[in-house]
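# Structural overview for review
Listed below, chain by chain, are the residues.
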Amino acid sequence: MKLVWTRLAHTDRSTIRTYIAHDNPAAAIALDTLFSRRTRQLATHPDIARPGRVTGTRALVVHEDCIAIYDRTGDTMRILRILHAARQWPPAQE
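Read on for a plain summary of the structure. Predicted model, so just to flag it, every value in this text is computed and none were measured.

## A closer look at the packing of helix α1 (residues 7-23) against helix α2 (residues 25-40)
In contact at an axis separation of 6 Å, α1 and α2 are set at 155° when each is read in the N-to-C sense. Comparing their axes, α2 and α1 come out roughly antiparallel. Here R13, I16, R17, I20, A21 and D23 of α1 come into contact with α2, specifically with P25, A27, A28, L31, D32, F35 and S36. Of the residues assigned to the contact of α1 with α2, the class counts are 8 nonpolar, 1 polar and 4 charged.

What follows is the structure, encoded as structure tokens:
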């Protein structure tokens, strides 16, 4: 199974890491490592997470405050977003 991070997911991950690193660099590194470790599990356990709020997606709790939104197409798992658990997903339609 191939694991691909979308540009938005990379941006989310970087933003979270930078925000946390401002106060606690070690915690930022630890959380980023957790993102890698938990999402790599999807290669062997693609249905490990609960169904997502958007049809065809799944939501993997990476940390009590962070959720990885992903989908699966054939043998590819795409990490779509990394979101804070309190963040509205999907975004409200205006």
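## Quick notes on α1
Over its 17 residues, α1 extends 25 Å from the first C-alpha to the last, a length consistent with the 24 Å expected when each residue adds 1.5 Å. Among the residues making up α1, those that are buried are A9, D12, R13 and I16. One side of α1 carries all its buried residues, which in axial view fall inside an arc of 95°. Exposed side of α1, more than 90 degrees from the buried face: R7, T18 and H22 are the residues found there.

What counts and what doesn't
Residues take numbers from 1 onward in each chain, read along the sequence in its written order. In view of the model being predicted, local features appear only for residues whose pLDDT reaches at least 70, and side-chain atom pairs are presented and counted only at 80 or more, with totals across whole chains, interfaces and linings using the full set of residues. In computing side-chain values, all of the structure's heavy atoms are included and hydrogens and water are not. Lines fitted to the C-alpha atoms define the axes, with helices restricted to the stretch that makes contact. Angles between their N-to-C directions range from 0 to 180 degrees. In DSSP terms, a helix is any run of H or I states spanning at least four residues, a strand is any run of E spanning at least two, and both are numbered starting from the N terminus. In what follows, roughly perpendicular refers to angles from 65 to 115 degrees, roughly parallel to angles under 35, roughly antiparallel to angles over 145, and oblique to any angle outside these ranges. Any two residues whose heavy atoms approach within 4.5 Å are treated as being in contact. Three categories are distinguished: nonpolar for Ala, Val, Leu, Ile, Met, Phe, Trp, Tyr, Cys and Pro, charged for Asp, Glu, Lys and Arg, and polar for the others, with Gly belonging to the last. A helix's residues, less one, multiplied by 1.5 Å, set its expected span. Only protein chains enter the accessibility calculation, which uses a 1.4 Å probe. A residue is then buried if its area is under 20% of the maximum for its type, exposed if over 50%, and partly exposed in between. It is the directions from the helix axis to the C-beta atoms whose arc is reported.

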